[in-house]
Amino acid sequence: MKAYWYGIAALCLALWWPAAVAQGETAADVRAIAAELSGASLPKMPGILERLEAAGGEQVVPLARALLEGDLYVLEASDALVIGRSTGGDGFALEDPLDGTALGEYTKADLKKLRVNNRVRVQLRGMLARLTLLAKDPAVRERAVRNMLERPDADSVQLLRDAVVNESNAGVAELQWLVIALYDIEHSEDPSVRLQALGHLDGRVEPEVRNALQALLAEGADTPPQLRRQAQTMLSALESKIAFYEFLETLFFGLSLGSVLLLIATGLAITFGVMGVINMAHGELIMLGAYTTYVVQLLMPDHIGLSILVAIPAAFIVSALVGVLIERGVIRFLHGRPLETLLATFGISLVLQQAVRTIFSPLNRQVSTPDWMSGSLEFNAVFSLTYNRLYVLLFAIAVFVVLQLILKKTPLGLQVRAVSQNRSMARSLGIRTEWVDAMTFGLGSGIAGLAGVALSQLTNVGPNLGQAYIIDSFMVVVFGGVGNLWGTLVGGFTLGVANKFLEPATGAVLAKILVLVFIILFIQKWPRGLFPQKGRAAE
Amino acid sequence: MSNLYGQFSALHQLREKAPVFVAVLFAITAWASACNLLLPEDSFFHVSTFTITLLGKYLCYALLAMAVDVVWGYCGILSLGHGAFFALGGYAMGMYLMRQIGDRGVYGNPLLPDFMVFLNWEALPWYWQGFDQFWFAMLMVLLVPGLLAFAFGWLAFRSRVAGVYLSIITQALTYALMLAFFRNEMGFGGNNGLTDFKDILGFDLQADGTRVALFVATALVLAAAYCASQLILGSKFGRVILAVRDAEARARFVGYRTETYKVWLFVYSAVLAGIAGALYVPQVGIINPGEFSPLNSIEIVVWVAVGGRGTLYGAVVGALLVNYAKTRFTGIMPEAWLFALGALFVAVTLFLPRGLTGLVMERLPRREKLKEVAA
Amino acid sequence: MSVRGAFGELANRDQLWPFLMPARGARVDVSKQVLLYIEDLSVSFDGFKAINNLNLYINDGELRCLIGANGAGKTTLMDIITGKTHPDTGAVYFGQNIDLLGRSEAEIAELGIGRKFQKPTVFEAQTVYANLELSMRAEKGIMASLGSRLTGEKRDRIDQVLATIGLSDERALAAGALSHGQKQWLEIGMLLIADPRLLLVDEPVAGMTAQETERTAELLTSLAGERTVVVVEHDMEFVRSIARTVTVLHQGSVLAEGTMEQVQNDPKVIEVYLGDEH
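Residues numbered from 1 in each chain as written. Chains lettered and ligands numbered in written order. Predicted model: local features only at pLDDT ≥ 70, side-chain atom pairs only at ≥ 80, totals over all residues. Heavy atoms only, no water.

As recorded by an unreviewed UniProt entry, chain B carries the name Urea ABC transporter permease subunit UrtC and is attributed to Mangrovimicrobium sediminis. Recorded in UniProt for chain B, the comment headed Subcellular location (unreviewed entry) runs: "Cell inner membrane". (UniProt positions renumbered as here; feature names shortened; annotations may be inferred.)

Below, the structure is given as structure tokens:
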């Protein structure tokens, strides 16, 4: 009953509140009321809080939350009310509860904690719900309603019932109805109310909906059959829907892994396809790209958002230069001896790894993700795509397209293709194959650098970064067929998706092993991969 | 009569280099063993048991290098996965040694090795059955690497996977096995592998006598493997193998089923590697999935490259030299070892394509050289 | 390859364990006087028709020359006969009874078809002597090789071939150390010692001196009759000196066939191939 009165009062307040501001309640008044809390005894607290709610509105949300969570203190020296957050040990970082300004660090001894009892806690919860559920910003309201999904209580639901009538935002209203319906299904005695409530659950995929349906079906025999039937249909519909979204999610993870493999494998495919060279140091060129990103961020700590965009060309250049150096310094002397090239580049990879260990330490380095790449694109409660993976996917495709354009439309591309198809003929036509080799190797290495930038956003940056993906990427090249970039594209995504779909059934390690075994069997039938180069030149 | 000539020519092959090699090997082995067992510890000439074990380890590596050389130097198959066969042989031996611990483990379970008790396993998995018998374990040392090599080689060579493709796939093979052996559910001790061995055939593994015996056994096996390889590669089979290395298409058009030759050579090599692993484990006292790591396999290749591929003693010399250098280097400045190893890869491929023995050979008169390639 | 197929092949002991293989029983049936039948053969690489509906019959014991411009399909044809390339359609029979398609290079070689490549390929790291020993007609299985002995008979045969190809003095030399012409000869010797029924010879006189060319011509003509020889050659003088029947290939099919004169006077041939020579 009391809760009901609170509800009414809150509703009145809500309607009255904008007027209150208009009447000239000032920040100073709110601060004054808040100050009363510092010396207040427990019985007096509810009254002060009511006045605070009335006077401050949304402004007092942080204060109320801090009080509820036990983070509200009185600073002994000045008797001021502060929010204290532990910084580990005895230290506390203080901030003003009303405007959030930082007040410096103090130790535990300087502070006195404000204690609350259960009654005050209930009041605070209601107060917070009212202040947020009825906030002006629809996003705040939505978040507040969403917070109620898990365990709607009678008071808040009553509040919602009244609010939903006046709710102007359709999305929020829908969510409000959902909470009310969930509450009704769980608590209502009236079958028709429950049946009606079931209607509001239609089309929702939140886990709470599933729980509610399952709970309903688990009830005793006195649940009306009609209700059971309805719940059963809805549950199976819901489950297939969730399964569908899970499928989409797995697909997305697969494509994401595939995009990484694609990025790495395109670089490999270029050097292998054109020069017949397996570059075992490719993984380390990727690592260099990732470390370049790290260094760029160190150089421009205030512009993390921009740093990635700077890092892309920087990493390309760094890796490409190192690549050209490797080609000029070692690989060109081993022409026509692919196995020796493999060994020599492996040696280079060891040196590069150790060099990074010596310069940057063997520990992982932290590369931060810019704001525009963090978070996720949410479709509903069970399906969302993280932005970093999404951007990497787009980036990989973009790199692939640009590369195709370079190979198809530029003179360099023409020469590269000529050399890859018939080296001696190309040479006799006056193409400087040496120069083409160096450029090709640089291009492939540069792409490895780009892959490093992408990987720095997905995983830890350490000296072994390149090793983790390199064998899989070799498999992509083998699977897709040498000398065919489309094969690399299809191969990368196929292996990525296959890996992620196998994982839930077999576990990550076994999935990897199965994919490797599959490829070994695959090349039995198609030794030259999915898209082989045909003809006599292929021998 | 003709058979007599054949025998003679094969023996002739063997007589050329094998005796020198075997003699040097046995001399060193006998000297080191005697100095360990007979001389007092404070004697200047005393060889510590630690050194004996180190030498034994080197000889295992030498055998492993020979295995790689047989396929790479003579047949042009660059395997980056021979560590896998080595490790499998090692695991087979490790399983025997594990069963020998009996109830002396931490948990005192007479049947289950400690790690299984730790994982709450109730019974011994089927694939651990029989490993309490030495003969059975030794059979597995030969069979498991051999069968894997057969299955893999048969699949790969029949579809004519060659060159760098093959190398990459062998690397994937050992990588896959490494991932698998890291899993606890595989039943091979996961991360930690198999260790804490107590004795072999009833002899205490920590005893000097056992150490020396293992070292001598390794030397004997190495010598036997050397002679066997010399015989095999000196026969017409060996000449076909060289033909496959230099002009596989030609060899096919002449009528040789080159894939069959390659498969069996690969199996032979894998078995040698497996034996090396089996000898290695009781001496170092541990086998873990790290042995499967691609880096290990590729290191073997560099031993062979340094020594000189295409000659059996080259592989042996390379393995001994590089590993000695590794021991010294990692002792003095561990960080530098990877730099040195990396530089070694590059330097050998660029400047010493035929290794150190190749360097020596170049100074010999032409006829001698020719005998070399013909062998 | 299906799993069952794979197991089937694993169980096929003559594939896997050659030493268990039964002695070769199949004899080439040449009762119709034709040794090689090639019918309706086509193969294309990435849309390019290298061989286009080709029909060719080689009589037993004849010496046939194949001529044609680059890309006419001569080498591809040899690749198909020797099992290196698989055609899209058509049939290739050795005699009347042996289907060559689907057989491996090694099987075809053991049937008695020898091939000399355009570019001389010998086992460079081995001696001339070992090259010949390896090419000798013998059991080619693993166990046979492991226990192989050089009988006096075999050594006589090698000496004989060495004399024929004029490399007796170079027998102990590594094949890689031979001159280009000598390698050509060694490869011919490797063919001879295999005692083949059919020899496919791709440009045998490329890089040879005039004198060597003459000797090659003599050798090839002397071989015909007992064996069947198919020669692909660009050197028209050489073809004229040895050819009895000439087949002209053009864009993957037979353009003309007949004696050298007939072919030379064929208007189609004059137009597409010999045109610029006259």
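A.B. asks: Describe in detail the overall build of chain A, supporting the description with residues and values.
C.D. replies: Looking only at helices and strands, one finds 21 helices and seven strands in chain A. For 539 residues, the compact-globule estimate of 2.2 N^0.38 gives 24 Å, and the C-alpha radius of gyration of chain A, at 32 Å, exceeds that figure by more than 25%. With respect to the principal axes defined by its C-alpha atoms, chain A has extents near 95 × 65 × 40 Å. Every one of the 539 residues in chain A was classed for burial, and the buried ones make up 49%. (Helix = DSSP H or I, 4+ residues; strand = E, 2+ residues; numbered from the N terminus. Rg over C-alpha atoms; globule rule 2.2 N^0.38 Å. Buried < 20%, exposed > 50% of the residue type's maximum accessible area, 1.4 Å probe, protein only.)

A.B. asks: If you had to explain the overall build of chain B to someone new, which residues and values would you point to?
C.D. replies: Summing up its helical and strand segments, chain B has 15 helices and four strands in all. Overall size of chain B, expressed as C-alpha extent along the three principal axes, is 65 × 55 × 55 Å. Counting across all 375 residues of chain B, residues that qualify as buried make up 58%. When contacts within chain B are restricted to residue pairs at least 6 apart in sequence, those whose partners lie at least 24 apart make up 78%. Counting every atom, chain B has about 14,700 Å² of accessible surface; 67% of that belongs to carbon and sulfur. When the 26 positive and 22 negative side-chain charges of chain B are each reduced to one mean point, those points stand 16 Å apart. (Contact = heavy atoms within 4.5 Å. Areas by Shrake-Rupley, 256 points an atom, 1.4 Å probe, with all protein chains shown as cover. Lys, Arg positive; Asp, Glu negative; His and termini not counted. Charge placed at Lys NZ, Arg CZ, Asp CG, Glu CD.)

A.B. asks: Can you lay out unusual backbone geometry for me, pointing to particular residues and giving the numbers?
C.D. replies: Unlike most non-glycine residues, Asp196 of chain B shows phi in positive territory, near 65 degrees. Inspection of the secondary structure assignment puts Asp196 of chain B in the loop between strand 1 (194-195) and strand 2 (199-200). Phi angles above zero are rare outside glycine, and Gln33 of chain C is one such case at about 70 degrees. Looking at the element boundaries, Gln33 of chain C is found in the loop between helix 2 (13-16) and strand 1 (34-45). We classify Gln33 of chain C as exposed; its relative accessible area is 52%.

A.B. asks: With reference to specific residues and values, describe the nonpolar core.
C.D. replies: Here is a general trend for soluble globular proteins: nonpolar side chains tend to be buried in one another's company. One finds Leu201 of chain A together with Leu186 of chain C to be the most contacted residues of the largest nonpolar core, which totals 306 residues. Per-element tally for this core: the top contributor is helix 11 (residues 225-275) of chain A, with 21 residues. Mapped onto the domain boundaries, this core takes at least three residues apiece from domain 2 (135-223) and domain 3 (258-538) of chain A. Here Leu201 of chain A is in contact with Leu178, Ala181, Leu182, Ile185, Val209, Leu213 and Met234 of chain A, once residues within four sequence places are set aside. Ile51, Leu77, Val92 and Leu198 of chain C belong to the second-largest nonpolar core, a separate cluster that totals 31 residues. (Core = buried A, V, L, I, M, F, W, Y, C linked by side-chain atoms within 4.5 Å. Domains from an automatic or database assignment.)

A.B. asks: Can you lay out the packing of aromatic side chains for me, pointing to particular residues and giving the numbers?
C.D. replies: Applying the stated rule across the entire model yields 43 aromatic pairs over all chains. With a centroid separation of 5.9 Å and an interplanar angle of 65 degrees, the aromatic rings of Phe479 of chain A and Phe518 of chain A are classed as edge-to-face. Highlighted residues: Phe479 of chain A in helix 19 (residues 465-480) and Phe518 of chain A in helix 21 (residues 508-525), separated in sequence by 39 residues. Classification of Phe518 of chain A as partly exposed rests on a relative accessible area of 40%. For the pair Phe181 of chain B and Phe292 of chain B, a centre-to-centre distance of 4.7 Å together with 35 degrees between the ring planes defines the contact as tilted. With Phe181 of chain B in helix 6 (residues 163-182) and Phe292 of chain B in the loop between strand 4 (286-287) and helix 11 (294-307), the pair connects residues that are 111 residues apart, well separated along the chain. The exposure class assigned to Phe181 of chain B is buried, which follows from its relative accessible area of 5%. For Phe292 of chain B, a relative accessible area of 0% puts it in the buried group. An aromatic cluster of at least three residues, connected via ring pairs, comprises Tyr91, Phe115, Trp126, Tyr127, Trp128, Phe181, Phe188 and Phe292 of chain B. (Phe/Tyr/Trp six-rings, centres within 6.5 Å; stacked < 30°, edge-to-face > 60°.)

A.B. asks: Outline the pattern of salt bridges, listing residues and values.
C.D. replies: Tallied over the entire structure, the rule returns 37 salt bridges over all chains. Between Lys326 of chain B and Glu299 of chain B there is a salt bridge whose closest N-O contact spans 3.3 Å. With Lys326 of chain B in helix 12 (residues 312-332) and Glu299 of chain B in helix 11, this pair connects stretches of sequence that are 27 residues apart. Taking relative accessible area as the criterion, Glu299 of chain B reaches 6% and is therefore assigned buried. Note that Arg103 of chain C is salt-bridged to Glu107 of chain C, the shortest N-O span being 3.6 Å. Arg103 of chain C sits in the partly exposed class, given a relative accessible area of 25%. (Salt bridge = Lys/Arg side-chain N within 4 Å of Asp/Glu carboxyl O.)

A.B. asks: Talk me through a nonpolar patch on the surface; I want residue IDs and the actual numbers.
C.D. replies: All names here are of chain A. On the surface, a cluster of nonpolar side chains totalling about 540 Å² of accessible area is made up of Leu306, Leu309, Val310, Trp372, Tyr391 and Leu394. Listing elements by their share of the nonpolar patch, those giving two or more residues are helix 13 (304-329) and helix 15 (387-409). If you tally residues by element for the nonpolar patch, the top one is helix 13, at three residues. On the secondary structure map, Leu309 appears in helix 13. (Patch = residues over 30% accessible without salt bridge, like charges linked within 9 Å, V, L, I, M, F, W, Y side chains within 5 Å.)

A.B. asks: Outline helix 18 (residues 433-456) of chain A, supporting the account with residue identities and numerical values.
C.D. replies: Spanning 24 residues, helix 18 of chain A covers 34 Å between terminal C-alpha atoms, matching the ideal 34 Å at 1.5 Å per step. Counting buried positions along helix 18 of chain A yields 21 of 24 residues, so the element is predominantly enclosed. (Expected span 1.5 Å × (residues − 1).)

A.B. asks: Just give me the short version of helix 5 (residues 134-158) of chain B, but keep the residues and values in it.
C.D. replies: Along an α-helix, a turn takes 3.6 residues, which lines up residues three or four apart on a common side. The first and last C-alpha atoms of helix 5 of chain B sit 35 Å apart over 25 residues, in line with the 36 Å expected at 1.5 Å per residue. Within two residues after helix 5 of chain B, Arg160 of chain B carries a phi angle of roughly 60 degrees, on the positive side.

A.B. asks: Quick rundown of the packing of helix 11 of chain B against helix 12 of chain B? Include the residues and the values.
C.D. replies: Residue and element names in this part refer to chain B. Their axes nearest at 7 Å, the elements helix 11 and helix 12 cross at an angle of 115 degrees. In this structure, the crossing between helix 11 and helix 12 has a hand that is right-handed. Packed against helix 11, whose contacting residues are Glu299, Trp303, Val304, Val306 and Gly307, the element helix 12 presents Gly314, Ala315, Gly318, Ala319, Val322, Asn323 and Lys326 at the interface. Broken down by class, the residue content of the contact of helix 11 with helix 12 amounts to six nonpolar, four polar and two charged. (Axes fitted to C-alpha atoms, helices over the stretch in contact; angles between N-to-C directions. Left-handed = near helix turned anticlockwise from the far one by under 90°. Nonpolar A, V, L, I, M, F, W, Y, C, P; charged D, E, K, R; others polar.)

A.B. asks: Can you break down the sheet that holds strand 4 (residues 102-107) of chain A residue by residue, with the values?
C.D. replies: Residue and element names in this part refer to chain A. Here five strands make up an open sheet; going across it, the order is 4-3-2-1-5 and the pairing antiparallel. In this open sheet, the two strands that pair with only one neighbour each are strand 4 and strand 5 (111-113). Taking each pair of neighbouring strands and ignoring which way they run, the sheet shows an average axis angle of 40 degrees. Across four bridges, strand 1 (residues 72-75) lies against strand 2 (residues 80-86) in antiparallel orientation. Considered in strand 2, the bridge of Leu72 is made with Ile83. (Pairing = 2+ DSSP bridges.)

A.B. asks: Quick one: what's the story with the state of the cysteines, residue by residue and with numbers?
C.D. replies: Residues and elements named next belong to chain B. Under the definition given, this model contains zero disulfides over all chains. Note on Cys60: no disulfide assigned, nearest cysteine sulfur contributed by Cys227 at a separation of 18 Å. What makes Cys60 buried here is its relative accessible area of 0%. Under the relative-accessibility criterion, Cys227 is labelled partly exposed at 21%. (Disulfide = S-S within 2.5 Å.)

A.B. asks: Please set out the sheet that holds strand 2 (residues 48-59) of chain C residue by residue, giving values where relevant.
C.D. replies: Residue and element names in this part refer to chain C. Spatial ordering of the open sheet is given by 2-1-4-5, a layout of four strands whose pairing is antiparallel. For this open sheet the edge positions go to strand 2 and strand 5 (98-99), each flanked by a neighbour on one side alone. Bridge count for strand 1 against strand 4 (residues 89-94) is five bridges, and the pairing is antiparallel. Directly across from Ser42, in strand 4, lies its bridge partner Thr89. Across the sheet, helix 3 (residues 74-81) is in contact with strand 1, strand 2 and strand 4; its angle to strand 1 comes to roughly 115 degrees.

A.B. asks: Let's hear about the environment of Val157 of chain A: which residues, and what values?
C.D. replies: All names here are of chain A. Position of Val157 relative to the elements: it lies in helix 7 (residues 154-166). By relative accessible area, Val157 is classed as buried at 0%. Spatially, the C-alpha atom of Val157 lies 42 Å from that of Gln457, the residues being 300 residues apart in sequence. Other than its neighbours up to four places away in sequence, Val157 contacts Met148, Pro152, Val179, Ile180 and Tyr183.

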